[in-house]
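Listed below, chain by chain, are the residues.
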2 protein chains.
Amino acid sequence: MSKKNIIVAQSGGPTVAINASLAGIVDAAIKSDTYDTIYGSLYGILGILEDKLINLSEQVEKKPDFINTLKISPAMYLGSCRYKLPDYEDDDATYAFLFNQFQKYNIGAFFYIGGNDSMDTVLKLSHYGKQIGSDIRILGIPKTIDNDLCMTDHTPGYGSAAKYIASSVLEVSHDTFIYSVKSVTILEIMGRDAGWLTAASALARNSYNSAPHLIYLPEIAFDQEQFLRDVKEQLKKRNNVIIAVSEGIRDKNGHYISASSGATDQFGHSQLSGTGKCLEYIVKEAINVKVRSIEVNVLQRCASHLASLTDLEESFSLGSQGVTCSIEGKTGCMLTLQRESNSPYKVSIATADIDAIANEAKSIPREWINEDGNDITPELLAYMAPLIVGEPDVHYRNGLPVYLPVEHLDSEK
Amino acid sequence: MSKKNIIVAQSGGPTVAINASLAGIVDAAIKSDTYDTIYGSLYGILGILEDKLINLSEQVEKKPDFINTLKISPAMYLGSCRYKLPDYEDDDATYAFLFNQFQKYNIGAFFYIGGNDSMDTVLKLSHYGKQIGSDIRILGIPKTIDNDLCMTDHTPGYGSAAKYIASSVLEVSHDTFIYSVKSVTILEIMGRDAGWLTAASALARNSYNSAPHLIYLPEIAFDQEQFLRDVKEQLKKRNNVIIAVSEGIRDKNGHYISASSGATDQFGHSQLSGTGKCLEYIVKEAINVKVRSIEVNVLQRCASHLASLTDLEESFSLGSQGVTCSIEGKTGCMLTLQRESNSPYKVSIATADIDAIANEAKSIPREWINEDGNDITPELLAYMAPLIVGEPDVHYRNGLPVYLPVEHLDSEK
């Protein structure tokens, strides 16, 4: 029997670890006896629909460092998309075309690395495949900095983002402590619906740094009066109060705090100011103190120079185990991480049925947030701590980190 | 003759390299036969005025790693201040008190590590000292991420900030290239009056990354119409346009662009939105394209984990050479860096009279900016390139960089 080929694609928002999973797939597929050519689909599933495939096996042959450099390169080597497949009851032409493509390229397995929306694609493709009696394996490899996927202990990409956030809070603390005047510093951290990333700010605490002193998460309804009481209380205890807040905090009616500012721009249009900016205004208005807000920007999802080695290794393993699972005949599933123990930290890899994962989201359990709703518990700290450990061996040239070139993406079109 | 003691203080805004200069002073003073105890003044000159001195010699004895860890720790180990000395013609009581303190602690030399304002303090103290016939050496050690001090080729702290900015632009490029839809990404970089930091974004360019595609500096009057023409032109050439802009750009009448938005907050107060946000609105209003603005935040001045080794080594040398100069009898001067050659990169250390430095600022020469005023020239690139080279040996514990604890600062008061 001739060997089959595989296609891999990446989808959704960038993380530092999503290329590590791609590297794991490429590495395992090359070492396997089952698969021949590894195709990368450019811009997620769109690459298959638009016949934009690149030959990754050739890349590995041409560049001896391909897999190692890919493993520590940020964002998506293959590009991404935000494309949702139609329901196949409504439109099965798209599906027929996709499976024709699979046949044309002699595909034995398709791997989709992504978050919630990507798992919806895995779900639909595997259902359709089952319906038409296809034996192509369809597998999802998880990734999201948000850590909100179900059925997995945590998600690839989260540990590195958590490490970036904790380091940033520590460095901002050093920056803040230097003046002896009272101040409030607000860090706005990503996370529309779940507070996992913002919670990671607590990892910055150490023997001399108690910041962040307050943590506000989307899981708890935000109360402006309580917030001001919290800040005043903290200002009695210390000079420099540092606050971590999720971009997605909402009031008790479910309205985003960021949307409540009513700021208008020079054209008279209402503009959403960021959540951090909004809290800055609230503090400035109510308390006579120096206030600064900092939006921890997209680097929290793409600063590969500060990735967590634990995260990269796990992401790589999920990719390579995905290949193994496909060879074993598994399909319609997502690879997952199961925590065996915290100390020593130990995880195993399993699979979960894709129906239980797609379009579901996981928030921080209420019992991992303190009673006042403005900090986290030691249990959550213990859960997060092992995920940021270890530093990858990033190479530098002329003072800058060396990442895998992405000239195949059509940015310079 | 009994040995004299020294006092060192830090002032102004944080940089990644200011503690390296402190480490250099401590290291050289300990090794010298001239000086005995090294005092650190907390919160700049205020520590002398308020008698808040710590004994750094003891720290070195107690902690074997003190100097090495100090060298790579962010912000100011001794705290900072924004205190401007009065003119001594108006008020010489402050000066009399300071020199009494020097006498009380048997001080032979005072070192002030700082930027423009700190050099004003060095200037005034050395003038007053000369007037009263004091033989205490008063020396300035430069630092500022802004690179705007005169008489020195570049300033300690600039190289590390430049490296952080260039790395960030490269990582944001990777983050941006993943989608095949047209987009404009604006990075707002620090610099009220000089564009040196924003210019450093150009160091991110490499074989596959042409970003930033447009660079706007405070040295060139900002013209909104020209800006929109520039952006449209770039969008014809490529999918993802990345723009670097100084926070301090001004229109031809000298008005900050950030102040022109007229946004009001929920209380009806006019709020200054950031320059990046302002350009984001301008593009959104005029061009139908996805736009995002990112404020490269205070990490550009405190992210020690990504410091430039060249910068740290030079900062350390300036500190230790400062001690040597004081022993040689120099006073009323600032240590400077003189570039010997670009390739190989070579600098020497000299001193400059403090009168020529204090309260002066250095902008980017017009000939190092392109004719259109929206990019830099190869000469400026060659000037900046060596300054970001090299990575310090940062240690990590539990996934986070290990910095020197600052529990002696009264943040937790």
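Per chain, the residues get numbers from 1 upward, laid out in the order the sequence is written. Chain A is the first chain written and ligand 1 is the first ligand written, with later ones labelled in order. In view of the model being predicted, local features appear only for residues whose pLDDT reaches at least 70, and side-chain atom pairs are presented and counted only at 80 or more, with totals across whole chains, interfaces and linings using the full set of residues. Side-chain numbers here rest on the full set of heavy atoms in the structure, without hydrogens or water.

A. Structural context of the overall build of chain A. Each helix is a run of H or I in the DSSP string that is no shorter than four residues. Each strand is a run of E no shorter than two, and both are numbered from the N terminus. Scanning chain A from terminus to terminus reveals 13 helices and 13 strands. Taken against the 2.2 N^0.38 rule, which gives 22 Å for 413 residues, the C-alpha radius of gyration of chain A at 23 Å falls within 12% of a compact globule. Referenced to the eigenvectors of the C-alpha coordinate spread, the extents of chain A come out at roughly 75 × 45 × 45 Å. Contacts between residues were defined by any pair of non-hydrogen atoms, one from each residue, lying within 4.5 Å. Pairs at least 24 residues apart make up 76% of the contacts formed inside chain A by residues separated by at least 6 positions. When the accessible surface of chain A is split by element, carbon and sulfur atoms take 47% of a total near 15,100 Å². In chain A, 37 positive and 52 negative side-chain charges are present, and the distance between their average locations comes to 4 Å. Every radius of gyration here is taken over C-alpha atoms, with the globule rule written as 2.2 Å times N^0.38, N being the number of residues. Here the Shrake-Rupley method, with its probe set to 1.4 Å, supplies the accessible areas, and only the displayed protein chains count as covering residues. His is not counted, nor are the chain ends, whereas Lys and Arg count as positive and Asp and Glu as negative. Taken as the charge location is NZ of Lys, CZ of Arg, CG of Asp or CD of Glu.

B. Representation of the relation of the copies chain A and chain B in the model. Of the two same-sequence chains, chain A is brought onto chain B (RMSD 0.0 Å, axial shift 0.0 Å) by a rotation of 180 degrees. Such a turn and shift between the copies fits a two-fold axis. Same-surface contact between copies: 100% of interface residues of chain A are shared with the interface of chain B. Here the copies were fitted onto each other by least squares, based on C-alpha atoms from residues at pLDDT of at least 70 in both.

C. Quick look at the interface of chain A and chain B. Taken together, the contact pairs 82 residues of chain A with 82 residues of chain B. By definition here, a salt bridge exists when the distance from a side-chain nitrogen of Lys or Arg to a carboxyl oxygen of Asp or Glu is within 4 Å. Where chain A packs against chain B, one counts 2 salt bridges. Note that Arg301(B) and Asp175(A) form a salt bridge whose closest N and O atoms lie 2.7 Å from each other. Elements supplying a minimum of two residues to the side of chain A that touches chain B: α7 (158–176), α9 (224–237), α10 (275–286), β9 (290–295), α11 (299–302) and β13 (400–401) of chain A. Per element, the largest residue contribution to the side of chain A that touches chain B is 10 residues, and it comes from α7(A). Within the side of chain A that touches chain B, the residues separate by chemical class into 38 nonpolar, 27 polar and 17 charged. When residue character is reported, Ala, Val, Leu, Ile, Met, Phe, Trp, Tyr, Cys and Pro are called nonpolar, Asp, Glu, Lys and Arg charged, and the others, Gly included, polar.

D. Inspection of the pairing of strand β10 (residues 333–342) of chain A at higher detail. Residue and element names in this part refer to chain A. Any two strands with at least two DSSP bridges between them are considered paired. Inspection of the sheet shows strand β5 (residues 137–142) paired to β10 by 2 bridges, in the parallel sense. Directly across from Leu139, in β10, lies its bridge partner Cys333. Pairing between β10 and strand β11 (residues 345–353): 9 bridges, direction antiparallel. The residue of β11 that forms the bridge with Leu335 is Thr351. Counted between consecutive antiparallel strands, the loop separating β10 from β11 contains 2 residues.

E. Examining the nonpolar core more closely. If you look at the biggest cluster of nonpolar residues, it comprises 245 residues, and the most contacted ones within it are Leu56(A), Tyr77(A), Phe110(A), Leu56(B), Tyr77(B) and Phe110(B). Those residues within four positions of Leu56(B) in sequence are excluded, and the remaining contacts are Val8(B), Leu22(B), Val26(B), Ile38(B), Tyr39(B), Gly40(B), Phe66(B), Tyr77(B) and Leu78(B). Buried Ala, Val, Leu, Ile, Met, Phe, Trp, Tyr and Cys residues form a nonpolar core when they are joined through side-chain atoms within 4.5 Å. For the exposure calls, accessible area comes from a 1.4 Å probe over protein chains only, and a residue counts as buried if that area is under 20% of its type's maximum, exposed if over 50%, partly exposed in between.

F. Fine view of the sheet that holds strand β3 (residues 53–55) of chain A. Residue and element names in this part refer to chain A. Strand order in this open sheet of 7 strands is β3-β2-β1-β4-β5-β10-β11, and the pairing throughout is mixed. Either end of the sheet is taken by a strand with one partner, and the two such strands are β3 and β11. This sheet shows a mean twist of 30 degrees between the axes of neighbouring strands, independent of strand direction. With 6 bridges connecting them, strand β4 (residues 107–114) and β5 associate as parallel partners. For Tyr112, the partnering residue across the bridge sits in β5 and is Gly140. Sitting on the sheet, helix α1 (residues 18–31) is in contact with β1 (4–10), β2 (35–41), β4 and β5, with an inclination near 175 degrees to β1. To obtain an axis, a line is fitted to C-alpha atoms, over the contacting stretch when the element is a helix, and the angle between two such axes runs from 0 to 180 degrees between their N-to-C directions.

G. Spatial organisation of the sheet that holds strand β7 (residues 214–216) of chain B. Residue and element names in this part refer to chain B. Taking strand neighbours across the sheet as the criterion, the 4 strands line up as β7-β8-β6-β9 in an open arrangement whose pairing is parallel. Of all the strands in the sheet, just β7 and β9 (290–295) have a single pairing partner and so form its edges. Put simply, the sheet's adjacent strands are angled 15 degrees from each other on average, direction ignored. One ladder, built from 7 bridges, connects strand β6 (residues 183–189) with strand β8 (residues 240–246); its direction is parallel. For Thr185, the partnering residue across the bridge sits in β8 and is Ile242. Lying on the sheet, helix α7 (residues 158–176) is in contact with β6, β8 and β9; it crosses β6 at an angle near 165 degrees. Each of β6, β7 and β8 is contacted by helix α9 (residues 224–237), which is oriented at about 165 degrees to β7, the strand it contacts most.

H. The pattern of salt bridges, seen in detail. Applying the stated criterion across every chain, the model contains 31 salt bridges over all chains. Its salt-bridge partner being Lys124(B), residue Asp87(B) comes within 3.8 Å of it at the nearest N-O pair. With Asp87(B) in the loop between α4 (66–71) and α5 (93–104) and Lys124(B) in helix α6 (residues 116–131), this residue pair connects regions lying 37 residues apart in the sequence. Here Asp87(B) falls in the partly exposed class, since its relative accessible area comes to 38%. For Lys124(B), the salt bridge goes to Asp120(B), with nearest N and O atoms at 3.0 Å. Residue Lys124(B) and its partner Asp120(B) are both found in helix α6; the two are separated by 4 residues, about one turn of the helix. Look at the salt bridges and you will find they share partners, linking Lys84(A), Asp87(A), Asp120(A) and Lys124(A) into a network.

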